[in-house]
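Descriptive analysis of the structure
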Amino acid sequence: MHQEYTIPAQDFSVAGVASSNFKQLLKQLNLPPKVIKRIIVAVFEAEINVIAHSYGGKIICELSEDTITVEIIDTGPGIPNLDLAMKEGWSTATEEIQEMGYGAGMGLPNIKKSCDRLSIKTKAGDHTHITLGFDLKEEP
Amino acid sequence: MKLKDIIACVDGQLICGESHLEDEIARGFASDLMSDVLTILEDDILLITGLSNNQAIRTAEMSDIRNILLVRNKKPSQSMIEMAKELNISLSYTSYSLFKASALLFQEGLKPVY
């Protein structure tokens with residue numbers, strides 16, 4: 001199954017709408033609630049990142065029997081220092097983003113903790129392409 | 001603790017979600033930072049927050065949190081109330097600070113997440 005969501009830049013009034021729709025879809029597939037939560041926390045953080053930091057982008061979800069792959073592709077401006085961005089507490093968020101309850105520097109660290117595989121391709125001045133992989137088989 | 005006892009304990013008021021009043025809630029988490037809320041793996045906790053905007057409701061939805069207590073007399077906007085109703089999340093508020101509300105609830109037996 002393939003699902004795509006368009007994410008606008010800077011429009012917090014729709015922040016979470018894509019993740020909310022994706023969550024409804026996962027619920028319909030009868031996945032265990034703990035698995036859904038893990039996926040949705042990562043996708044929601046990524047959606048907030050696109051709105052807060054990028055010029056807009058897309059979330060593309062591929063669902064198969066055993067795995068879910070979520071690609072988050074924005075249109076720039078890229079992350080200048082990825083090592084710093086991965087550090088808990090590091091943030092470039094504006095005051096406006098912080099007033100929304102975000103921008104605490106937990107986004108990428110939370111995403112990393114929630115998924116089974118993470119790949120980030122980015123550079124300053126270019127777009128960011130994040131791929132998240134989730135295994136659906138419950139841990140023994 | 002039942003939600004109705006939580007609201008009484010902090011001299012609060014329920015804004016929406018009457019069907020939740022009998023919900024049994026074991027643990028609470030107090031934060032104005034939604035990214036911290038998203039790290040909590042437990043479901044059905046009470047979210048105690050001073051963040052009164054739609055993002056608090058969205059975060060609760062993503063985290064499977066069904067009850068929110070707003071502190072510091074932060075009354076929710078109409079759009080927040082509509083969103084909470086739609087997602088079946090209860091909203092209550094108290095004039096107490098985050099610290100006072102959390103302390104009183106802890107004293108009454110609401111457990112921390114960690």
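Further up the page is the structure itself.
It should be emphasised that the depicted structure is a prediction, and the values quoted were computed from it without experimental measurement. (Residues numbered from 1 in each chain as written. Chains lettered and ligands numbered in written order. Predicted model: local features only at pLDDT ≥ 70, side-chain atom pairs only at ≥ 80, totals over all residues.)

**Overview of the overall build of chain B**
Across its full length, chain B carries five helices and six strands. Going from N to C terminus, chain B has its helices and strands arranged as α-β-β-α-β-α-β-α-β-α-β. Its C-alpha radius of gyration of 12 Å places chain B within 12% of the 13 Å reference for a compact globule of 114 residues. For chain B, the spread of C-alpha atoms along the principal axes amounts to about 35 × 30 × 25 Å. For chain B, buried positions account for 46% of its 114 residues. Partitioning the contacts of chain B with sequence separation of at least 6, the portion at a separation of at least 24 is 55%. (Helix = DSSP H or I, 4+ residues; strand = E, 2+ residues; numbered from the N terminus. Rg over C-alpha atoms; globule rule 2.2 N^0.38 Å. Buried ≥ 20, exposed ≤ 12 C-beta atoms within 10 Å, placed from the backbone. Contact = placed C-beta atoms within 7 Å.)

**So, the interface of chain A and chain B**
Every contact between the two is made by 17 residues of chain A and, on the other side, 15 residues of chain B. Contributing elements (two or more residues each) for the side of chain A that touches chain B: α1 (17-28), α2 (33-53) and α5 (107-114) of chain A. Among the elements that line the side of chain A that touches chain B, the one with the most residues is α2 of chain A, at six residues. Classifying every residue of the side of chain A that touches chain B by side-chain character gives nine nonpolar, six polar and two charged. (Nonpolar A, V, L, I, M, F, W, Y, C, P; charged D, E, K, R; others polar.)

**Regarding the pairing of strand β5 (residues 90-93) of chain B**
All names here are of chain B. Here β5 shows a buried face lined by Ser90 and Ser92 and a second buried face lined by Leu91 and Tyr93. Of the pairings in the sheet, the one linking strand β1 (residues 13-16) to β5 comprises three bridges and is antiparallel in character. Bridging across to β5, Gln13 finds its partner in Tyr93. The sheet contact formed by strand β4 (residues 67-70) and β5 spans four bridges and is parallel. Its bridge partner lying in β5, Leu69 is registered against Ser92. Crossover handedness for the path β4 to helix α4 (residues 78-86) to β5: right-handed. (Pairing = 2+ DSSP bridges. Right-handed = clockwise from strand over helix to strand, strands pointing away.)

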